[in-house]
Amino acid sequence: MTRENFNDLHSFLIVAEKGSFTRAAAEIGVSQSALSHTIRGLEERVGIRLLTRTTRSVSPTEAGERLIRTIDPGFAEIQAGLTALSELRDRPAGTIRIATSSHAAESILLPGLQPLLAEYPDINIEINIDNGLTDIVAERFDAGVRIGEQVERDMIATRIGPDIRLIAVASPDYFSRHPIPQTPRDLTRHNCINMRFQTSGALYTWEFEKDGHEMKVKTDGQLTVNDPQQIVAAALSGLGLAFILEDMVLQHIEAGRLIQVLDDWCAPFPGFHLYYPNRRQSSPAFSLLVETLRYRGPQEATS
């Protein structure tokens with residue numbers, strides 16, 4: 001492969017990833033017209049159209065998708081090899097991209113990253129807030145943060161937070177108009193605030209457990225959102241009964257703004273995990289990130 005072909009293929013991957021000649025040109029550092037000329041030249045050499053262009057977006061053709069599947073792993077290996085060269089430097093360096101929810105970023109990542117970033121000024125962290133279930137490999141993230149049970153089996157997962165609970169809450173105003181549920185089955189008669197996953201589009205099914213007995217409830221209600229912070233706001237406004245992470249609403253419960261119900265049905269489960277594919281293990285900067293965020297438990301943290 002000539003240097004020209006290598007550069008052209010890399011440019012093609014960037015355009016396909018960004019879905020825009022404008023954004024791709026800005027990342028590569030060339031003009032949009034020069035980039036368009038590069039892609040046209042590549043298509044002429046291979047004799048087939050690789051990208052479908054519209055006034056609003058750019059997307060790979062079937063041939064383009066096939067080319068991406070062929071060459072993307074090779075470029076990923078090259079990038080991993082270049083990253084591994086940082087082992088030869090005195091100080092680890094590089095940019096690490098993490099996909100996470102807003103709550104995990106605020107409660108776990110930002111506090112946990114403070115000592116790492118202070119000690120290693122050549123390490124950069126890019127946090128992408130996404131409350132869906134992002135495919136970190138397809139979206140080219142180095143790592144993601146999810147609740148333990150949501151991590152794919154083919155990923156390496158490191159626990160970075162304590163056990164957590166999802167709890168059912170509503171405002172005093174809501175319960176002045178509706179009976180307090182005694183079992184999860186009673187929720188089918190309540191106006192529940194539902195959460196829709198951004199990636200799959202599915203509604204979250206409320207999960208409960210008591211004495212080893214699990215119960216899943218498909219709730220109904222007038223309001224559906226895709227952000228946990230909006231669930232809290234809606235519950236505080238009396239718009240319905242919410243199922244939310246306990247630490248997000250604890251202060252509101254203590255202040256009497258929300259009332260918790262079904263407490264004995266809300267069992268703790270493994271909290272947030274940092275997960276990533278095998279190839280990220282070669283980066284010293286990434287290894288430092290994992291060790292910095294690794295959850296050590298109350299006894300380890302105080303010893």
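Please read these numbers as outputs of a predicted model, since none were measured by experiment.

A few points about the packing of aromatic side chains
Applying the stated rule across the entire model yields six aromatic pairs. Judged by centre distance (5.0 Å) and plane angle (40°), the rings of Phe-6 and Phe-75 are tilted. Placement of the pair is Phe-6 in helix H1 (residues 3–18) and Phe-75 in helix H4 (residues 62–84), with a sequence separation of 69 residues. With relative accessibility at 31%, the residue Phe-6 sits in the partly exposed group. Phe-75 gets classed as buried once you look at its relative accessible area, which sits at 14%. Centre to centre, the rings of Tyr-204 and Phe-243 are 6.4 Å apart; their planes meet at 20°, and the pair counts as stacked.

Observations concerning the pattern of salt bridges
The tally for this structure, following the rule as stated, stands at 15 salt bridges. For Glu-43, the salt bridge goes to Arg-53, with nearest N and O atoms at 3.2 Å. Taken as a pair, Glu-43 in helix H3 (residues 32–46) and Arg-53 in strand S1 (residues 51–53) lie far apart in primary sequence, ten residues in all. Beyond isolated ion pairs, a larger network of salt bridges with shared partners links Glu-17, Asp-72 and Arg-140.

A short note on the sheet that holds strand S13 (residues 259–261)
Pairing in this open sheet of three strands is antiparallel, and the strands run S12-S7-S13 from one edge to the other. Strand pairing shows two members of the sheet lacking a second neighbour, strand S12 (242–245) and S13, which therefore form its edges. Each strand axis lies, on average, 50° off the axis of its neighbour in the sheet, ignoring direction. Judged from the four bridges that link them, strand S7 (residues 166–170) and S12 form a sheet pairing that is antiparallel. Counterpart to Leu-166 in the pairing with S12 is Leu-245.

Considering the packing of helix H5 (residues 102–119) against helix H9 (residues 284–293)
Here H5 crosses H9 at 120°, and the two axes come no closer than 9 Å. The orientation of H5 relative to H9 falls into the category oblique. As for the relative orientation of H5 and H9, their crossing is right-handed in sense. In this structure, H5 uses Leu-109, Gly-112, Leu-113, Pro-115 and Leu-116 to contact H9, whose residues at the interface are Leu-288, Leu-289, Thr-292 and Leu-293. A class-by-class count of the residues in the contact of H5 with H9 yields seven nonpolar, two polar and no charged.

Notes on the pairing of strand S9 (residues 206–210)
Across five bridges, S9 lies against strand S10 (residues 213–217) in antiparallel orientation. Residue pairing in the sheet places Glu-209 in a bridge with Glu-214 of S10. A loop of two residues connects S9 with S10, the two strands running antiparallel in sequence, and Asp-211 in this loop sits at a positive phi of about 55°.

Digging into helix H2 (residues 21–28)
Owing to its 3.6 residues per turn, the α-helix aligns residues three or four sequence positions apart on the same side. When we look at burial in H2, the residues that qualify are Phe-21, Ala-24 and Ala-25. Viewed end-on, H2 has its buried residues packed into an arc of 100°, placing them on one side of the element. The residue sitting at the N-terminus of H2 and contributing the capping side-chain oxygen is Ser-20; that oxygen lies 3.2 Å from the backbone nitrogen of Thr-22.

Rules used in this analysis
Residues numbered from 1 in each chain as written. Predicted model: local features only at pLDDT ≥ 70, side-chain atom pairs only at ≥ 80, totals over all residues. Heavy atoms only, no water. Phe/Tyr/Trp six-rings, centres within 6.5 Å; stacked < 30°, edge-to-face > 60°. Helix = DSSP H or I, 4+ residues; strand = E, 2+ residues; numbered from the N terminus. Buried < 20%, exposed > 50% of the residue type's maximum accessible area, 1.4 Å probe, protein only. Salt bridge = Lys/Arg side-chain N within 4 Å of Asp/Glu carboxyl O. Pairing = 2+ DSSP bridges. Axes fitted to C-alpha atoms, helices over the stretch in contact; angles between N-to-C directions. Parallel < 35°, antiparallel > 145°, perpendicular 65-115°, else oblique. Left-handed = near helix turned anticlockwise from the far one by under 90°. Contact = heavy atoms within 4.5 Å. Nonpolar A, V, L, I, M, F, W, Y, C, P; charged D, E, K, R; others polar. Arc of directions from axis to C-beta. Polar contact = N/O pair within 3.5 Å; in protein donor to acceptor, adjacent residues only side chain to side chain.

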